[in-house]
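Structural characterization, general
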Amino acid sequence: MFDHDDSFYQVIRRQGVSRRSFLKFCSLTAASLGLGPMVASKMAYALETKPRIPVIWLHGLECTCCSESFIRSAHPLVKDVVLSMISLDYDDTIMAAAGYQAEEILEETKARYKGRYILAVEGNSPLGNDGMYCFPGGVPFVEKLKSMAADAQAVIAWGSCASNGCIQAAKPNPTQAVPIHKVITDKPIIKVPGCPPIAEVMTGVLTYMLTFERLPELDSQRRPKMFYSQRIHDKCYRRPHFDAGQYVEHWDDEGARKGYCLYKMGCKGPTTYNACSTVRWNDGVSFPIQSGHGCIGCSEEGFWDRGSFYSRLTDITQFGIEKNADEIGAGAGVVLGAAVAAHAAVSAVKQVSDKKNKKNKDL
Amino acid sequence: MTLNYTSDESARELRSRAIARASIYVFEAPVRLWHWVNALAIVVLMGSGYLIGSPLPSMPGEASAIFTTGIIRFVHFSAGYILTVALLGRLYWAVVGNVHSRQLFRLPLTSLRWWSEVLFELKWYLFLERVPKKYVGHNPLAHLMMVSMFLTTLVFMIGTGFALYSEGAGYDSWQHLLFGWIVTLAGNSERLHLLHHLGLWMMGIFVFLHVYAAIREDIMSRQNLISTIINGERAFKDDEP
Ligand code: HEM
Ligand code: HEM
Ligand code: HEM
Ligand code: SF4
Ligand code: SF4
């Protein structure tokens, strides 16, 4: 293993990465974070001199899709870069150590890097039955989470599970799973939602935190603005078809073949904040809309409970049967129309009889 | 004196004129102008808003040559701005205009007398009263609906509308500065769209009832209505109190 206090640069040089590649990485990462060339040199300086930040990566109730995404990061490449850039001291899914040996690392990091390490959390904690539904290493996950968060510098919530609860917190939420900000209330939390989040977004956030030793700028939901300040729809390459009024109306129609906008097929791009339409997936190869399917809004809070993936707005279930907003409006309109028509008829009768009465009086 | 817009106040206002069958100048020009600008903007907003939610069938041809949804959205946003500026003008007029210009912005909720007339008016609508009362301004039930159903929905639509607008305009826009908190309050952009969309139906119900009530009352009440909102003069059909 490497010495903990080595800088990132020392580590990768030892692995045979050239200085040229290192600088290239700095510029690429700076660009992907939307920062200028001046920042690239600042980043290079930081990575050359600062000891690597220890990261503890915990897994709660989750499906490991965040890890799967993370290890596919292309810029920076996870193998060469991130695993040496940070000092990933504990990650029970991909670490070599196991059992007591592994769990010891947690205590060791807690003591040695008190207040300095970053706690990255994938998945969330079920609170039902005293946390019995997630029980890694013989303790309820919620205990492990609280104890590791206590001495951390900051907490990263990876993915929709940790950020918003995701599927395990979807109705009826039998295990009472809650996003981690419901458990940890006294530490800065940064949310990186998505099911999973985009690999480059994950590594980008980590790089930023390492380089500048602070959290990136966050929005009101605590998501980093550099990746979550725009909706899929704002940068979607099918947007010209949206503006033109050209929509896919059926999955197998002419419009679908021509790559028209998926709005009418329930694309949730207009209501989803994420970087898919700019960063894309798998080294920029594609993203769902490019493959012909609408966005399902996986990075939005409660996306499992917002009705069909194929309707743009949530159906309203309060009336027993599922209705969309327009059906309810039309229903109200019909009832109202009938009531008003009846009312108008009675009014007319009254008007006529009043006139007659008046005439009779006048006579 | 604070006004409660009740029928005895109307009688007093009428009595203060020498001739009993007076026509009173109720809605000043800016109020009338606002009414029709507002009505037009809302009709346009409802139409274009509906088409944003359920777009027209697809257009053939190159995307570079057509801009159908773009134009519909542009019309929606322009009408939204006109609606908002008109409301600000109307608010200003409520400060400098006559007493009836303020009726839309205050409800005499603490006046028992006013409430009893709301009830009376309700009975009149339900055919339980034979003879309606006279009102110089809006009758109490109309007044209640104007504020609770129209003004509230209007403010709600402007708030949610600009909040939606801020999502496209970005974090450094004034729309985000002024209305961004509404996105946060709604919790999620999809819910915000849904709320704004439901507002369409709320507004539609108001317009429907309002136009029906205006026509019906024009015929059946003891004062004219439709010409009042056109030329400002309220005329009464009889001399009885
Ligand atoms: C039996 C049923 C009803 C009848 C006969 C009726 C009739 C009327 C009349 C005569 C006015 C007075 C118009 C005026 O002086 O300006 C009025 C006002 C109004 N009513 Fe009703 N109404 C009924 C129920 C409702 C309901 C259930 C609502 C709402 C859900 C409603 C909404 C309104 C509104 C918004 C106004 C103000 C519009 C205006 O002043 O023209 N009404 N209604
Ligand atoms: C989108 C459509 C409309 C909206 C939102 C609307 C809204 C309003 C509002 C808010 C007022 C109160 C004005 C104030 O106190 O300053 C009002 C008054 C009035 N409106 Fe409309 N209006 C619409 C269309 C119409 C139409 C089409 C008519 C004609 C049939 C009409 C007839 C009247 C009348 C007669 C009054 C005066 C009521 C009274 O004398 O008490 N409105 N309207
Ligand atoms: C009576 C007033 C209004 C009505 C009835 C109305 C109606 C609608 C409807 C039905 C939609 C479609 C929502 C959906 O299905 O997602 C919509 C979207 C929208 N409205 Fe309004 N609206 C009103 C006022 C405003 C105002 C004042 C603004 C501010 C500029 C505004 C801005 C927007 C925006 C930005 C959208 C989203 C457009 C998009 O998703 O492309 N609206 N409106
Ligand atoms: S496909 Fe979806 S995200 Fe792209 S323009 Fe259409 S609605 Fe917007
Ligand atoms: S396009 Fe939408 S559903 Fe798909 S990964 Fe991106 S945010 Fe999630």
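Nothing here was measured: the structure is a model prediction, and the numbers come from that model.

Structural notes on the overall build of chain B
- Within chain B one finds 8 helices and 2 strands.
- Evaluated residue by residue, chain B yields a buried proportion of 49% over its 241 residues.
- For chain B, the share of sequence-separated contacts (at least 6 apart) that also reach a separation of at least 24 residues comes to 66%.
- Accessible area for chain B stands at about 12,000 Å²; split by element, carbon and sulfur atoms hold 72% of it.
- Averaging the coordinates of the 19 positive side-chain charges in chain B and doing the same for the 17 negative ones gives two points 7 Å apart.

Concerning the coordination of the iron atom of ligand 3
Residues and elements named next belong to chain B.
- Bound to the iron atom of ligand 3 on the protein side are His76 (NE2) and His196 (NE2), at distances that span 2.0 to 2.1 Å.
- Coordination at the iron atom of ligand 3 comes from 6 donor atoms whose angles at the metal span 86 to 180°, giving a geometry best classed as octahedral. Residue His76 is found in helix H3 (residues 68-96), and its partner His196 is found in helix H7 (residues 189-220); the two are separated by 120 residues along the sequence.
- Taking the relative accessible area as the measure of exposure, His196 reaches 15% and is therefore buried.

Some points on the coordination of the iron atom of ligand 2
- The coordination sphere of the iron atom of ligand 2, as far as protein atoms go, consists of B:His35 (NE2) and B:His210 (NE2), spread over 1.8 to 2.1 Å.
- The class for B:His35 is buried, based on a relative accessible area of 16%.

Here's the deal with the nonpolar core
All names here are of chain A.
- Phe22, Leu47, Ile156, Trp158 and Ile289 are the most contacted members of the largest nonpolar core, which has 55 residues in total.
- It is helix H10 (residues 199-212) that provides the largest number of residues to this core, a total of 8 residues.
- When residues of this core are assigned to domains, at least three fall in each of domain 1 (8-228) and domain 2 (232-312).
- Of all hydrophobic cores here, the second largest spans 28 residues; its members include Met95, Tyr113, Tyr117 and Cys134.

Regarding the pattern of salt bridges
All names here are of chain A.
- Taken as a whole, this structure holds 20 salt bridges over all chains when the rule is applied.
- Residues Arg19 and Glu48 are paired through a salt bridge, measuring 2.4 Å at the closest nitrogen-oxygen approach. Linking Arg19 in helix H2 (residues 19-32) with Glu48 in helix H3 (residues 37-49), this pair joins segments that are 29 residues apart in sequence.
- Its relative accessible area of 34% is what places Arg19 among the partly exposed residues.
- By relative accessible area, Glu48 is classed as partly exposed at 23%.
- With a shortest N-O distance of 2.9 Å, Arg223 and Asp219 are connected by a salt bridge. For the pair Arg223 and Asp219, a shared accessibility class is recorded, and that class is buried.

Looking at the UniProt feature "transmembrane region" (unreviewed entry) in chain B
- As recorded in UniProt, the feature "transmembrane region" (unreviewed entry) lies at residues 33-53, 74-92, 140-165 and 194-215 of chain B.
- Structurally, residues 33-53 of chain B is divided into 100% helix and 0% strand, and its ends, taken at the C-alpha atoms, are 30 Å apart.

Points about the interface of chain A and chain B
- Taken together, the contact pairs 48 residues of chain A with 45 residues of chain B.
- For the pairing of chain A and chain B, the buried interface totals around 4,000 Å² over both sides, and the portion due to carbon and sulfur atoms is 55%.
- By the criterion of area lost to chain B, the three top residues of chain A are A:Asp326, A:His343 and A:Lys350, representing 14% of everything that side buries.
- Our count for the contact surface shared by chain A and chain B stands at 1 salt bridge.

What counts and how
Residues numbered from 1 in each chain as written. Chains lettered and ligands numbered in written order. Predicted model: local features only at pLDDT ≥ 70, side-chain atom pairs only at ≥ 80, totals over all residues. Heavy atoms only, no water. Helix = DSSP H or I, 4+ residues; strand = E, 2+ residues; numbered from the N terminus. Buried < 20%, exposed > 50% of the residue type's maximum accessible area, 1.4 Å probe, protein only. Contact = heavy atoms within 4.5 Å. Areas by Shrake-Rupley, 256 points an atom, 1.4 Å probe, with all protein chains shown as cover. Lys, Arg positive; Asp, Glu negative; His and termini not counted. Charge placed at Lys NZ, Arg CZ, Asp CG, Glu CD. Donors = N, O, S within 2.8 Å, 3.2 Å for Na, K, Ca; no water. Tetrahedral: all angles 85-135°; square planar, octahedral: opposite > 155°, others 65-115°. Core = buried A, V, L, I, M, F, W, Y, C linked by side-chain atoms within 4.5 Å. Domains from an automatic or database assignment. Salt bridge = Lys/Arg side-chain N within 4 Å of Asp/Glu carboxyl O. UniProt positions renumbered as here; feature names shortened; annotations may be inferred. Buried area = accessible area lost by both parts, 1.4 Å probe.

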